[in-house]
Amino acid sequence: MADVVNLNRWRKAKVRDEKSKQAEVNRAAFGRTKAEKQAARQQEERRQAELDGHKLDD
């Protein structure tokens, strides 16, 4: 005879596993290192400073 399985516990474990797999995919797709984030922020600041330098004064 088969083992008795609590279906709610099995269902919740399955959902946890699926979320874990999706989180791993997201980390690979969207995760950036601290250095990459800092470089992007510095690039945006330089771009904004250059743009502000081209503004005309009234």
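On a predicted model such as this, the values are computed, not experimentally measured, just so you know. (Residues numbered from 1 in each chain as written. Predicted model: local features only at pLDDT ≥ 70, side-chain atom pairs only at ≥ 80, totals over all residues. Heavy atoms only, no water.)

Colleague: So what exactly am I meant to see when it comes to the pattern of salt bridges here?
Modeller: Think of it this way: side chains of opposite charge can pair up when their charged atoms draw near. A complete count under the given rule lists 2 salt bridges for this structure. Notably, a salt bridge pairs Arg-47 with Glu-44, separated by 2.6 Å at the nearest N-O pair. One end of the pair, Arg-47, and the other, Glu-44, are both in helix 2 (residues 34-53), 3 residues apart, so they sit about a helical turn from each other. Given a relative accessible area of 43%, Arg-47 falls into the partly exposed group. Judged by relative accessible area, which is 40%, Glu-44 ranks as partly exposed. (Salt bridge = Lys/Arg side-chain N within 4 Å of Asp/Glu carboxyl O. Helix = DSSP H or I, 4+ residues; strand = E, 2+ residues; numbered from the N terminus. Buried < 20%, exposed > 50% of the residue type's maximum accessible area, 1.4 Å probe, protein only.)

Colleague: Looking at this structure, how should I read a nonpolar patch on the surface?
Modeller: A contiguous nonpolar patch, built from Val-5, Leu-7 and Trp-10 and spanning about 360 Å² of accessible area, is present on the exposed surface. Relative to the helices and strands, Val-5 is located in the segment before helix 1 (7-30). Overall, Val-5 belongs to the partly exposed group, its relative accessible area being 48%. (Patch = residues over 30% accessible without salt bridge, like charges linked within 9 Å, V, L, I, M, F, W, Y side chains within 5 Å. Areas by Shrake-Rupley, 256 points an atom, 1.4 Å probe, with all protein chains shown as cover.)

Colleague: I'm lost on helix 1 in this one. Help?
Modeller: An α-helix turns once every 3.6 residues. As a result, residues three or four positions apart point the same way. In this model, helix 1 (24 residues) spans 34 Å end to end at C-alpha, consistent with the 34 Å of a helix rising 1.5 Å per residue. You can read the cap of helix 1 off the contacts: a side-chain oxygen lies 3.1 Å from the backbone nitrogen of Asn-8, and it is on Asn-6. (Expected span 1.5 Å × (residues − 1). Polar contact = N/O pair within 3.5 Å; in protein donor to acceptor, adjacent residues only side chain to side chain.)

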